[in-house]
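Descriptive analysis of the structure
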Amino acid sequence: MIKAILIFNNHGKPRLSKFYEHYSEDTEQQIIRETFHLVSKRDENVCNFLEGGLLIGGSDNKLIYRHYATLYFVFCVDSSESELGILDLIQVFVETLDKCFENVCELDLIFHVDKVHNILAEMVMGGMVLETNMNEIITQIDAQNKMEKSEAGIAGAPARAVSAVKNMNLPEMPRNINIGDISIKVPNLPSFK
């Protein structure tokens, strides 16, 4: 089972953290710091997995990571997970991010954190791997993006309201609006047409 997924930069600044077990916020921060220190001090020529830190479960757990440019992608897993399988999952995750953001960089993770979490949720849920087929993941993300655009989000609501009022065929502008016991006097406004 996957215990946590962490992404941080070369300076140890977390860019994404997803824990699949409950920890206090202080413990999560300590885990991120400890994981960064364990992973960042390793030479580039050594293997990409090691025993987990004391806070994440010690020798019963493993840290499996990849270092791409300025980012470390770290998966904290228990002993039941395959190291090579998780390395492949990291590769699929990074390639999916790369396709969705067209050459992903650290700033994409900062400014589009919701989209990154959605991509991750298509791949892993509750610490279990759901999907490893990049094309299937991208299809689901594209469908979600299409749905968001069709709804136009909350930002589009005022424009739709103005458009609806403009398209109303009122013979004249109402001067008073009565709703139950509430009476609203409408000021003189220029014509909508």
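Just so it is clear, the structure is predicted and the values come from calculations on it, not from any experiment.

**Here we look at the environment of Ile119**
Considering the arrangement of structural elements, one finds Ile119 in helix α4 (residues 113–123). Accessibility expressed as a relative area gives 0% for Ile119, which makes it buried. For the pair Ile119 and Phe93, spaced 26 residues apart in the sequence, the C-alpha separation amounts to 8.0 Å. The contacts of Ile119, once residues within four sequence positions are left out, are Phe93, Thr96, Leu97, Cys100, Phe101, Ile137 and Ile141.

**Brief notes about the pattern of salt bridges**
Any two side chains of opposite charge can pair, on the condition that their charged atoms come close. Considering all chains together, one arrives at three salt bridges under this definition. For Glu21, the salt bridge goes to Lys3, with nearest N and O atoms at 2.8 Å. Here Glu21 is found in the loop between β2 (14–19) and α1 (25–40), whereas its partner Lys3 is found in strand β1 (residues 2–9), with 18 residues between them in sequence. You can call Glu21 partly exposed: its relative accessible area is 29%. The buried category is assigned to Lys3, whose relative accessible area is 13%.

**Brief notes about the nonpolar core**
Judged by nonpolar contacts, the single largest core of 30 residues is most densely connected at Ile2, Phe93 and Ile119. The set of elements that each furnish at least two residues to this core consists of β1, β5 (71–78), α2 (83–101), α4 and α5 (134–151). Looking at which element gives the most residues to this core, the answer is α2, with ten residues. Here Phe93 is in contact with Ile7, Phe73, Val116, Ile119, Leu120 and Met123, once residues within four sequence places are set aside. Grouped together as the second largest cluster of nonpolar side chains are 15 residues, Phe8, Tyr23, Ile32 and Val74 included.

**What to know about α2**
If you check α2, its first and last C-alpha atoms are 27 Å apart, about what 19 residues at 1.5 Å a residue would give, namely 27 Å. Buried within α2 we find Ile86, Leu87, Leu89, Ile90, Val92, Phe93, Val94, Thr96, Leu97, Cys100 and Phe101. Note on α2: the residue one or two positions beyond its end, Glu102, has a positive phi of about 50 degrees.

**Some details on the pairing of β5**
In terms of burial, β5 is largely enclosed, as eight of its eight residues are buried. Residues Leu71, Phe73, Phe75 and Val77 point to one face of β5 and Tyr72, Val74, Cys76 and Asp78 to the other, with burial holding for every one of them. For β1 and β5, the ladder comprises seven bridges, and the chain directions are antiparallel. Looking across to β5, one finds that Ala4 is bridged to Cys76. Looking at chain direction, strand β4 (residues 61–68) and β5 are connected through eight bridges and run antiparallel.

**Remarks on the packing of α2 against α5**
Interhelical geometry of α2 versus α5 gives an angle of 40 degrees and a closest axis separation of 10 Å. By the angle between their directions, the pair α2 and α5 is classed as oblique. With respect to the hand of their crossing, α2 and α5 are arranged in right-handed fashion. Where α2 abuts α5, its residues Val92, Glu95, Thr96, Lys99 and Cys100 lie against Met134, Ile137, Ile138 and Ile141. Class assignment of the residues belonging to the contact of α2 with α5 gives a composition of six nonpolar, one polar and two charged.

**Examining the sheet that holds β2**
Read across the sheet, five strands follow the order β2-β1-β5-β4-β3 without closing on themselves; strand pairing throughout is antiparallel. For this open sheet the edge positions go to β2 and β3 (49–51), each flanked by a neighbour on one side alone. Each adjacent strand pair in this sheet contributes to an overall mean axis angle of 15 degrees, direction not counted. Contacts from α1 reach β1, β2, β3, β4 and β5, with the element oriented near 65 degrees to β1. Packed onto the sheet, α4 meets β1 and β2 and runs at close to 40 degrees relative to β2.

Conventions and cut-offs
- Residues numbered from 1 in each chain as written.
- Predicted model: local features only at pLDDT ≥ 70, side-chain atom pairs only at ≥ 80, totals over all residues.
- Heavy atoms only, no water.
- Helix = DSSP H or I, 4+ residues; strand = E, 2+ residues; numbered from the N terminus.
- Buried < 20%, exposed > 50% of the residue type's maximum accessible area, 1.4 Å probe, protein only.
- Contact = heavy atoms within 4.5 Å.
- Salt bridge = Lys/Arg side-chain N within 4 Å of Asp/Glu carboxyl O.
- Core = buried A, V, L, I, M, F, W, Y, C linked by side-chain atoms within 4.5 Å.
- Expected span 1.5 Å × (residues − 1).
- Pairing = 2+ DSSP bridges.
- Axes fitted to C-alpha atoms, helices over the stretch in contact; angles between N-to-C directions.
- Parallel < 35°, antiparallel > 145°, perpendicular 65-115°, else oblique.
- Left-handed = near helix turned anticlockwise from the far one by under 90°.
- Nonpolar A, V, L, I, M, F, W, Y, C, P; charged D, E, K, R; others polar.

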